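Remarks on the overall topology
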Amino acid sequence: MSTSASLKNVIATKLLESDLMFSRRFLGSILTDQENSVIPAFCMNNYLSLFIYESHRTLKVIDPQRAALLAYSNEAVIEKARHSVKLFDGSKVGHSGVLGDFTAIISAGRERFLNNTWFPPARVLETDLGEWRYRGRLVTTTQVASFFMGIPTIATSDIPAIGRALMTVAESQARYVDQATELLPWHGPSFMTTMKFGELKSRDRRSERYFKRLFDPALSDELTASLSAFQCSLNFLDVMLSADQTAASAETMLKLRFITLYHVLSSLTELKAEYGSKLNSRSLVLLNAILSHKSSATIMHAEGRGFRNTLVHYTPEERVAPRLSLSLPYYGLVEEYYPVHDFATLGQELCEHTTRLAMLLDEWERN
């Protein structure tokens, strides 16, 4: 093996182990505090699935013996949840596939929960959408959770059933993560230790009526639900994950912010191209404020896709590998793709832009 190939594999291993230790700290928290863990687990599941799927895929190439020892169950669910991180960017399904997923999720919820009351006039009070807000900010809904979990639609009224389904997947994730990280040092707590669970509030809604008051009345219910997914992803990073100040979490935090911002911005660009002519002036003002900001341009720079690919798939590109070093912060990856930045300055810009975009989507949601 050449020196360059060896360095690439060492960096890939270190990157994936950093993500898996982040996951281990989180999973350790939810498995010991199951009563308060359902909603944070909804919010983290697609990212956990991304880490597990991509780390195992990478290990099959660079360390097949280790990969063979780390086989995991619920593979189809974990793979589907992993791909939901891409939002409209999925090469196999694209935005039409996402809208199709939400069509099925919304329809299943309405069929199950509406028109059940024996007294017809009271049916207007029935609900099919559950939402959760942390410190007043939307972090998930039953529809968004179903999309990010890769499982069928979730009942608004059956939290124990949600918990059982979630824990089955979480136990598979935890076994994989524990085995992959058993020899690695522990570094501090999960963000879960700083959460104020009394500030997590739920409310049930009737989606066919409620959606007309969100974002833009010209949007279909499926597009509205998709925008809620973008909003939830950013709010989760901004009001829940941002509390994690553990130094060992810094690399994974930068990764999560970058890939989320990248896919939200790419998806909003596609939404504007496809549906912009139908949006009202207020929607376009807010959408343009998101897409035209200088930090959005930084993230979506031509080199952004290569950086995103390295963050997601772990193995550095051949063309940049000779200039990377184990002695540099983040191995010099930031400087290769964003020469005006280093790890610290890019991390700060991503943190600030996550807050900015989350607030703009919250403002847009209020229609």
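Residues numbered from 1 in each chain as written. Predicted model: local features only at pLDDT ≥ 70, side-chain atom pairs only at ≥ 80, totals over all residues. Heavy atoms only, no water.

**Quick notes on the sheet that holds strand 1 (residues 129–134)**
- Across the sheet, which stays open at both edges, the three strands sit in the order 2-1-3 with antiparallel pairing between neighbours. Of all the strands in the sheet, just strand 2 (137–141) and strand 3 (200–205) have a single pairing partner and so form its edges. Adjacent strand axes in the sheet meet at a mean angle of 30 degrees when their direction is disregarded.
- Relative to strand 3, strand 1 runs antiparallel, the two sharing six bridges. Of the residues in strand 3, the one forming a bridge with Gly 130 is Asp 204.
- Against the sheet, helix 2 (residues 38–62) touches strand 1, strand 2 and strand 3, its axis set at about 80 degrees to strand 2. (Pairing = 2+ DSSP bridges. Helix = DSSP H or I, 4+ residues; strand = E, 2+ residues; numbered from the N terminus. Axes fitted to C-alpha atoms, helices over the stretch in contact; angles between N-to-C directions. Contact = heavy atoms within 4.5 Å.)

**So, unusual backbone geometry**
- Phi angles above zero are rare outside glycine, and Tyr 314 is one such case at about 80 degrees.
- Within the secondary structure layout, Tyr 314 lies in the loop between helix 13 (304–313) and helix 14 (333–337).
- Positive phi, normally seen in glycine, also occurs at Tyr 331, with a value near 65 degrees.
- The residue Tyr 331 is located in the loop between helix 13 and helix 14 in this model.

**Side note on the side chain of Arg 133**
- Note that Arg 133 resides in strand 1.
- Beyond its immediate sequence surroundings of up to four residues, Arg 133 is in contact with Leu 138, Val 139, Glu 199, Leu 200, Lys 201, Tyr 210 and Glu 365.

**Section: helix 15 (residues 343–365)**
- End to end, helix 15 covers 32 Å across 23 residues, agreeing with the expected 33 Å (1.5 Å per residue, within 8%).
- Residue Asp 342 occupies the N-cap position of helix 15, its side-chain oxygen lying 3.2 Å from the main-chain nitrogen of Ala 344.
- Positive backbone phi, at 55 degrees, marks Asn 367, one or two positions downstream of helix 15. (Expected span 1.5 Å × (residues − 1). Polar contact = N/O pair within 3.5 Å; in protein donor to acceptor, adjacent residues only side chain to side chain.)

**Topic: the side chain of Arg 25**
- Its place among the elements puts Arg 25 in helix 1 (residues 3–32).
- Of the side chains with opposite charge, Asp 244 lies nearest to the buried Arg 25, which makes no salt bridge, at 5.2 Å.
- Contacts of Arg 25, omitting those with residues within four sequence positions, involve Trp 186, His 187, Gly 188, Pro 189, Ser 190, Ala 248 and Ser 249. (Buried < 20%, exposed > 50% of the residue type's maximum accessible area, 1.4 Å probe, protein only. Lys, Arg positive; Asp, Glu negative; His and termini not counted. Salt bridge = Lys/Arg side-chain N within 4 Å of Asp/Glu carboxyl O.)

**Structural notes on helix 2**
- Along its 25 residues, helix 2 runs 35 Å from first to last C-alpha, staying within 8% of the 36 Å computed at 1.5 Å per residue.
- In terms of burial, helix 2 is a largely internal element, 22 of the 25 residues being buried.

**Brief notes about the pairing of strand 1**
- The element strand 1 is largely enclosed, with a buried count of six among its six residues.
- The alternating pattern of strand 1 places Leu 129, Glu 131 and Arg 133 on one face and Gly 130, Trp 132 and Tyr 134 on the opposite face, and all of these are buried.
- Pairing analysis gives four bridges linking strand 1 to strand 2, with the strands arranged antiparallel. Within strand 2, the residue paired with Glu 131 across the bridge is Thr 141.

**Quick word on the confidence of the model for the protein**
- Mean pLDDT over the protein works out to 87, with 90% of the residues at or above the 70 mark.
- Mean pLDDT in the protein bottoms out at helix 7 (residues 159–181), which sits at 77, and peaks at helix 15, which reaches 97. (pLDDT = per-residue confidence, 0-100.)

**Details of the pattern of salt bridges**
- For the structure on display, the rule yields 17 salt bridges.
- The partner of Arg 206 in a salt bridge is Glu 208, and the shortest N-O contact between them spans 2.9 Å.
- We classify Glu 208 as partly exposed; its relative accessible area is 35%.
- A salt bridge links Lys 212 to Asp 221, with the shortest nitrogen-to-oxygen separation between them at 3.2 Å.
- You can call Lys 212 partly exposed: its relative accessible area is 45%.

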